[in-house]
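Notes for the structure review
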Amino acid sequence: MKIKKKYKSINTYRVKQILKTIFENMNFTREDIIRKTGINSFQVYSIVANLLKRKIIVESQKGISSDIRIGRRSKFLSINPNMGYVIGVSIGHNDILETGLFDFALNTLESKSITIENMDFYEIVEKLIRQIKSMIKSIDKRKVYGIGIARPGITVVDRTITDGNEPYVFDWENPEVIEKLKTLLDDVFHLPIYIEPKNNVAVFGEYWNLKQKGYNNIVYLDIGNGVGAGIMIDGKIVIGGKDIRGDIGHMIISSDTGRLCVCGNRGCLGALVCIPSIISQIKESMEQGVITTLNSTELNFDQIIKKFDEKDKIVINVLSNVSRYIATGIINIVNLFSPEIVIIGGRIKDLGNQFEYMIKQDVDKLSWVGNKKGIPEIKFSQMNDNLIKGAGLLVLNNIFSDKSFLLSETDKTISKIMDNEKEIVKT
Ligand SMILES: [Zn+2]
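Basis of the calculations
- Residues numbered from 1 in each chain as written.
- Predicted model: local features only at pLDDT ≥ 70, side-chain atom pairs only at ≥ 80, totals over all residues.
- Pairing = 2+ DSSP bridges.
- Helix = DSSP H or I, 4+ residues; strand = E, 2+ residues; numbered from the N terminus.
- Axes fitted to C-alpha atoms, helices over the stretch in contact; angles between N-to-C directions.
- Contact = placed C-beta atoms within 7 Å.
- pLDDT = per-residue confidence, 0-100.
- Buried ≥ 20, exposed ≤ 12 C-beta atoms within 10 Å, placed from the backbone.
- Parallel < 35°, antiparallel > 145°, perpendicular 65-115°, else oblique.

1. Observations regarding the sheet that holds strand β6 (residues 108–115)
Read across the open sheet, the five strands follow the order β6-β5-β4-β7-β10; overall the sheet is mixed. The sheet is open, and its two edges are formed by β6 and β10 (193–197), each paired on a single side. Neighbour-to-neighbour, the strand axes of the sheet open up by a mean angle of 15 degrees, direction not taken into account. Judged from the five bridges that link them, strand β7 (residues 144–151) and β10 form a sheet pairing that is parallel. Bridge pairing in β10 links I147 to I193. Contacting β7 and β10, helix α6 (residues 175–189) crosses the sheet at an angle of about 150 degrees to β10. Contacting β4 (85–91), β5 (96–103), β6, β7 and β10, helix α13 (residues 386–400) runs over the sheet at an angle of about 130 degrees to β7.

Take a look at the structure:
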């Protein structure tokens, strides 16, 4: 019988599918991959062996940050953290610029933050370039696979205070601005650059943090100088047909009697619960002569946090209302999206456990028999780096989860695997 060698490449698609599954699921074994992907066990075992040989993935008895131990024969698989680096950036609203360097398991290797108060676009980009350069100067630059950026919306810098000029208004949502930012960074670093609205990036960071719990439906509510949200359903960020920016701050909670919002409507969630609004509400109560230990001349949020702990009457009253408004917003979100968890981040979380508890109680009061069982876990964010981590994750996601393996080194390695995975089919 004549034996003819015929090479047949194992489907590139299968390798990508397996890598994607390992990336997206912590503590997965070969058996879990077979179950999840439906790829036959022979192929899974053979591809996994090859990925291990090439150190693209690693295996361990103990999964990543997990105490679960399994049988001697099955081991947990994960992406090799040392395969490369990604950079995550967060550009704040006229406050801070933060940059982080992460490995492929999103462990923070270094992070830096500087203030960008009163800086314009070009000054910020210049600072950013300098920050990234200093961060990667001592590592192998070929192993840096991309830059993810969490960008703000519209930034308004009031220069009337500093130099007497008109306020500087900058629209980070303008596609030309996003392109310009990409070009300026690309000219220096020649790396893939991914830029997303900050709340979408934050929900991504929180998702990674909660990965072990397996949540795929997460709402992140940011309450600070404004109110915004990032919404993840089935593991995907909700963008919508017209690029929703999580403008939950303009969800109308109390249209008749509510406070006037910057958008011109009354009773928007943002106008009722953002930090500047909390400060004005407290000031208004003080003007009505309620007895308080607050000092009106230097009223700021730090003082409010302190007085909340000391149970100052005005602070408690105002924050009780604020809690109810936030709970109303949450109930509206629950009725629409039914998330597994609502995470509240931003400056508001500095009010601590007691305020978190008040919100939970109010959500409970507002729920009814129909949605009671659908009430999600409500939690203040445990992360201080959800933006830079989420931004790093944007890059990793593009390597492992998206359609393209366009990054040179990974791509080369993947093609190598392909070449080595040729099956000799005897005919
Ligand atoms: Zn509004």
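Having seen the model, we can carry on.
2. Some thoughts on the confidence of the model for the chain
Within the chain, residue pLDDT values average 84, and 86% of them lie at 70 or more. Below pLDDT 50 for its whole length, residues 1–9 participates in 13 contacts with residues either more than four positions away or in separate chains. Segment residues 403–408 is flagged for pLDDT under 50; beyond a separation of four residues in sequence, or across chains, it makes eleven contacts in the model.

3. Here we look at the environment of M26
Residue position: M26 is located in the loop between α1 (12–24) and α2 (30–37). Judged by local crowding, M26 falls into the partly exposed class, with 19 C-beta atoms found within 10 Å. Separated by 51 residues in sequence, M26 and L77 have C-alpha atoms that sit 7.9 Å apart.

4. Comments concerning unusual backbone geometry
With phi around 50 degrees, H190 is a residue other than glycine that occupies positive phi space. With respect to the helices and strands, the residue H190 is situated in the loop between α6 and β10. By the C-beta count within 10 Å, which is 9 here, H190 ends up exposed. One non-glycine residue, D234, lies in positive phi territory at about 50 degrees. With respect to the element layout, D234 can be found in the loop between β12 (227–233) and β13 (236–237).

5. Here's the deal with the packing of helix α7 (residues 198–209) against α13
Orientation of α7 relative to α13, taken along the N-to-C sense of each, is 85 degrees, at an axis distance of 7 Å. By the angle between their axes, α7 is roughly perpendicular relative to α13. Counted together, K198, V201, A202, F204, G205, E206 and W208 of α7 and N386, L387, K389, G390, A391, L393 and L394 of α13 form the full contact between these two elements.

6. Some words on the sheet that holds strand β14 (residues 341–345)
If you walk across this open sheet you meet the five strands as β13-β12-β11-β14-β15, and the pairing is mixed. Looking at the sheet topology across the chains shown, the edges are occupied by β13 and β15 (377–380). Here strand β11 (residues 218–223) pairs with β12 via six bridges, running antiparallel. The residue of β12 that forms the bridge with Y220 is G230.

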